[in-house]
Amino acid sequence: LSLAAWGGGGGMDDLMAHIYQAELNRVRFLIRAYYRTRLFKIEKYAVHVVKPETNEFAKLSPQEQEYAKNYVNMLEEHFGSVLGQMPEKYSSMLQQIEEDDAEMDMVPEPNLDKHVFCRVREDRRDVMFDPNDPDNTMDLDQGDIIMVRYRFIKGLLEDGALDLI
């Protein structure tokens, strides 16, 4: 889309065409920035996302799911050539030492204790954010903007009561 598409006529038409073009460029920039950030997060936490124990994989679009699976496969191929030379106990990309009861301690996971901004979509009364402090509750009114740890609002986000900003 270009300025010529908006027609050519007097000065006011040219001004409006420039305004529309500037707005279109701004929207394109925002969409590209959103996709870059999304892909960065998928790559950073790819192994965590595709683990069968998490339900994070289902939250991705089909294209993102394919990208995450392909990315993990490429990582495994790349590191497999190096890790294949290591002793068996140290050959895992997921664990520091292979033990039957050990957890996958080398898989980066998102920090759920990070603070996020969110907008309240529906009224909620007596919302308890911190399970360690059950007496500390808060009423949420539609339109409110709050900052809180992600861990405490994860359920409300899944219910659709909040939107991340």
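The structure presented is a predicted model; accordingly, all values stated were derived computationally and were not measured.

Definitions and limits used
- Residues numbered from 1 in each chain as written.
- Predicted model: local features only at pLDDT ≥ 70, side-chain atom pairs only at ≥ 80, totals over all residues.
- Heavy atoms only, no water.
- Core = buried A, V, L, I, M, F, W, Y, C linked by side-chain atoms within 4.5 Å.
- Buried < 20%, exposed > 50% of the residue type's maximum accessible area, 1.4 Å probe, protein only.
- Helix = DSSP H or I, 4+ residues; strand = E, 2+ residues; numbered from the N terminus.
- Contact = heavy atoms within 4.5 Å.
- Pairing = 2+ DSSP bridges.
- Axes fitted to C-alpha atoms, helices over the stretch in contact; angles between N-to-C directions.
- Phe/Tyr/Trp six-rings, centres within 6.5 Å; stacked < 30°, edge-to-face > 60°.
- Patch = residues over 30% accessible without salt bridge, like charges linked within 9 Å, V, L, I, M, F, W, Y side chains within 5 Å.
- Areas by Shrake-Rupley, 256 points an atom, 1.4 Å probe, with all protein chains shown as cover.
- Salt bridge = Lys/Arg side-chain N within 4 Å of Asp/Glu carboxyl O.
- Parallel < 35°, antiparallel > 145°, perpendicular 65-115°, else oblique.
- Left-handed = near helix turned anticlockwise from the far one by under 90°.
- Nonpolar A, V, L, I, M, F, W, Y, C, P; charged D, E, K, R; others polar.
- pLDDT = per-residue confidence, 0-100.

As for the nonpolar core
In a soluble, globular protein the nonpolar side chains are often hidden away together inside.
Here is step 1: Of all hydrophobic cores here, the largest spans 13 residues; its most connected members are Phe129, Leu140, Ile153, Leu156 and Leu162.
Here is step 2: Contributing elements (two or more residues each) for this core: strand 1 (115-120), strand 4 (145-149) and helix 4 (150-159).
Here is step 3: Residue contacts for Leu156: discarding those within four places in its chain leaves Arg124, Val127, Phe129, Leu140, Ala161 and Leu162.
Here is step 4: Residues Ala46, Val72, Leu75 and Met93 belong to the second largest nonpolar core, which totals 7 residues.

Here we look at the sheet that holds strand 5 (residues 162-164)
Here is step 1: Taken together, the 3 strands give an open sheet; going across it, the order is 4-1-5, and neighbouring strands pair in antiparallel fashion. Each having just a single partner strand, strand 4 and strand 5 make up the two edges of the open sheet. On average, each strand axis in the sheet is tilted by 40° relative to the strand beside it, whichever way the strands run.

Some words on the packing of aromatic side chains
Here is step 1: As enumerated under the stated definition, the model contains 2 aromatic pairs in all.
Here is step 2: Ring centres 6.4 Å apart and planes at 20° place the aromatic pair Tyr67 and Tyr71 in the stacked group. Of the two residues, Tyr67 and Tyr71 both sit in helix 3 (residues 62-83), 4 residues apart, roughly one turn of that helix.

Re a nonpolar patch on the surface
Here is step 1: There is a patch of nonpolar side chains on the surface, built from Met12, Leu15, Met16, Ile19 and Tyr20 and spanning about 480 Å² of accessible area.
Here is step 2: With respect to the helices and strands, Met16 occurs in helix 1 (residues 11-44).
Here is step 3: What makes Met16 partly exposed here is its relative accessible area of 32%.

What to know about the packing of helix 1 against helix 3
Here is step 1: Packing of helix 1 against helix 3 leaves a shortest axis separation of 10 Å and a crossing angle of 40°. Classified by the interaxial angle, the pair formed by helix 1 and helix 3 is oblique. In this structure, the crossing between helix 1 and helix 3 has a hand that is right-handed. On helix 3, the residues touching Arg38, Leu39, Ile42 and Glu43 of helix 1 are Glu64, Tyr67, Ala68 and Tyr71.
Here is step 2: A class-by-class count of the residues in the contact of helix 1 with helix 3 yields 5 nonpolar, no polar and 3 charged.

Considering the pairing of strand 1
Here is step 1: The alternating pattern of strand 1 places Val116, Cys118 and Val120 on a buried face, while none of His115, Phe117 and Arg119, on the opposite face, is buried.
Here is step 2: Both strand 1 and strand 4 contribute to a ladder of 5 bridges, which runs antiparallel. By the bridge assignment for strand 4, Arg119 is matched with Ile145.
Here is step 3: Relative to strand 5, strand 1 runs antiparallel, the two being bridged by 3 bridges. By the bridge assignment, Val120 is partnered in strand 5 with Leu162.

A closer look at the confidence of the model for the chain
Here is step 1: Within the chain, residue pLDDT values average 84, and 87% of them lie at 70 or more.
Here is step 2: Put simply, strand 2 (residues 124-128) is where the chain has its lowest mean pLDDT, 87, and strand 1 is where it has its highest, 94.

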